[in-house]
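Chain by chain, the residues run as shown.
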Amino acid sequence: MSVQERHPQIPKPEVKELFRKLGETEDPEIRTRLIEGHLGLVEYLARRFAGRGEPLDDLIQVATIGLVKAVDRFDPDREVEFSTYATPTIVGELKRHFRDKGWAVRVPRRLQELNLRLGSVIGKLSQDLQRSPTVAEIARAAGTTEDEVLEGLDSAHAYRLISLDAPAGEEGLSYHEQIGGNDASLEALEDWVSVGPLLGQLPARERRMLYLRFFKGKTQSEIADELGISQMHVSRLLAKTLATLRQGLEG
Amino acid sequence: MASVQSNELSDLITLRVTATTGHVGVARAAATAIAAPLDFTYDRLTDLHIAIDEACGRVLATSDPPAGHFELTFEPGEAGLTVTVRGDGGLKPGAQFLNSWSRTILEAVARDIELLEAPDGRVGVRFRVEGGE
């Protein structure tokens, strides 16, 4: 059963009326009704932030906090619909969640936002140019300086990597489940004597990335296309995986 | 932590940075700043990072006595950026500076890979990363 079916949307005239009553009576039941009646909006906005490494359930919880704040602060005498008022509050809560929780190392907010923006700019430019873009091209497209782009790209290393067991999309399947089974090429890679045992412990997607990049000579852009993720994500995962292997070999 | 010298005649830039895992990022950031004006694509910049990570990783793994510093030189040229990475320690008895795995990684992301051995026993590697597709 969908959220809409569990908690049907309240007709707009009734919303205004309920807020007026809430203001007069502070009745907790009315407050709950108003919150539940807008959970559809919460879920809709939370889904817009899905696929960035945070489980949808967590995003819905965060967005619900934004909704509760909006219900408590809304003034029914204002000439705006509640949903119009609540949307920026909910989105603000979601953005704050990514800023505060999504980064393992504290990176200035300006760089976090730039980094997220560069990810989409690089993806789009790669499509348009049919090759990986240069820093100058990225800067032009992002409307910023080359120095800013370099800073933004360097800050990528501080971004927390997505857990492979975390749900990857709206279907709730983990990356592991989406990757599928082994193929013969991976077994060939695992024969590599010095790192074989360590490779065996890696998630399937990381092994596949290593195989494609270092044995098949695919570029990171090609790997990104093949796996359906961003180039920046491929770059982060490769660097992290190589560091893990290096540590394992030395340990 | 780090010192940088630039010889304007040859565009050779040398960087000396404390040899710890945490300071590899300094070498990586310097490499990015030097490579970006050479029109390196995003893919090639990340290849350059991988090569530097690997070479610095080998300095840490194979040095005995342990290296105090990474010594890097960057030489921009028309065919990309030539990078030398060495430690100032010695090579562990029986160790290979590049094992088969690290050589495989470097060969995938760089060209003209050359092992360096100084008369004083310091070892390192030189490689060139091309800028374009």
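> Got a minute to help me understand the overall build of chain B in this structure?
Looking only at helices and strands, one finds 3 helices and 6 strands in chain B. Seen in sequence order, chain B has helices and strands lined up from the N terminus as β-β-α-α-β-β-α-β-β. In chain B, which comprises 133 residues, the proportion classed as buried is 44%. For chain B, the proportion of contacts with a sequence separation of at least 24, taken over those separated by at least 6, is 63%.

> Would you mind going over the overall build of chain A with me for this structure?
Of regular secondary structure, chain A possesses 15 helices and 0 strands. Per-residue burial for chain A yields a buried fraction of 30% across its 251 residues. Relative to all contacts within chain A whose residues are 6 or more apart in sequence, the contacts with residues 24 or more apart total 57%.

> Would you mind going over unusual backbone geometry with me for this structure?
With an omega of 0°, the peptide bond between Asp 64 of chain B and Pro 65 of chain B qualifies as cis. The backbone of Gln 130 of chain A sits at a positive phi, close to 60°, despite the residue not being glycine. Note that Gln 130 of chain A resides in the loop between helix 7 (109–129) and helix 8 (135–142). Although it is not a glycine, Asp 112 of chain B adopts a positive phi angle of roughly 50°. Structurally, Asp 112 of chain B is set in strand 5 (residues 111–117).

> Teacher, can you tell me more about the interface of chain A and chain B here?
Where the parts come together, the accessible area they lose is often given as the size of the interface. Taken together, the contact pairs 29 residues of chain A with 24 residues of chain B. For the side of chain A that touches chain B, the secondary-structure elements that each account for two or more residues are helix 8, helix 9 (146–155), helix 13 (204–215), helix 14 (220–227) and helix 15 (231–250) of chain A. Considering only residue class, the side of chain A that touches chain B consists of 13 nonpolar, 10 polar and 6 charged.

> Got a minute to help me understand the pairing of strand 3 (residues 69–77) of chain B in this structure?
Note on strand geometry: in a regular strand, side chains alternate between the two faces of the sheet. All names here are of chain B. Direction of pairing for strand 2 (residues 12–18) relative to strand 3: antiparallel, over a ladder of 6 bridges. Paired with Leu 15 across the two strands is Leu 72, which belongs to strand 3. Counted between consecutive antiparallel strands, the loop separating strand 3 from strand 4 (residues 80–87) contains 2 residues.

> Even after reading the chapter, I still don't get helix 2 (residues 12–25) of chain A, so can you show me in this structure?
An α-helix turns once every 3.6 residues. As a result, residues three or four positions apart point the same way. All names here are of chain A. Along its 14 residues, helix 2 runs 20 Å from first to last C-alpha, staying within 8% of the 20 Å computed at 1.5 Å per residue. When helix 2 is considered as a whole, its buried residues turn out to be Val 15, Leu 18, Phe 19 and Leu 22. Within helix 2, the buried residues cover an arc of 100° as seen down the axis, which keeps them to one side. The outward face of helix 2, more than 90 degrees from its buried face, is lined by the exposed residues Pro 13, Glu 24 and Thr 25.

> Any chance you could explain the environment of Asp 43 of chain B here in plain terms?
Relative to the helices and strands, Asp 43 of chain B resides in helix 2 (residues 42–62). Among residues more than four places away in sequence, those in contact with Asp 43 of chain B are Ser 132, Thr 219, Gln 220 and Ser 221 of chain A.

> Please clarify how the confidence of the model for chain A should be interpreted in this entry.
Detailed reading of the predicted model is not advised wherever pLDDT is low. Residues and elements named next belong to chain A. Predicted confidence across chain A gives a mean pLDDT of 75, with 73% of residues reaching 70 or more. Summarising per-element confidence for chain A, the mean pLDDT is lowest in helix 10 (residues 175–179) (38) and highest in helix 8 (92). This model gives residues 158–192 a pLDDT under 50, and the stretch forms 61 contacts once residues within four places in sequence are excluded.

> Is there a simple way to think about helix 5 (residues 56–73) of chain A in this case?
The terminal C-alpha atoms of helix 5 of chain A, which comprises 18 residues, lie 26 Å apart, in line with the 26 Å expected from a rise of 1.5 Å per residue. Along helix 5 of chain A, the positions that sit buried rather than exposed are Leu 59, Val 62, Ala 63, Gly 66, Leu 67, Ala 70 and Val 71 of chain A.

About the thresholds
Residues numbered from 1 in each chain as written. Chains lettered and ligands numbered in written order. Predicted model: local features only at pLDDT ≥ 70, side-chain atom pairs only at ≥ 80, totals over all residues. Helix = DSSP H or I, 4+ residues; strand = E, 2+ residues; numbered from the N terminus. Buried ≥ 20, exposed ≤ 12 C-beta atoms within 10 Å, placed from the backbone. Contact = placed C-beta atoms within 7 Å. Nonpolar A, V, L, I, M, F, W, Y, C, P; charged D, E, K, R; others polar. Pairing = 2+ DSSP bridges. Expected span 1.5 Å × (residues − 1). Arc of directions from axis to C-beta. pLDDT = per-residue confidence, 0-100.

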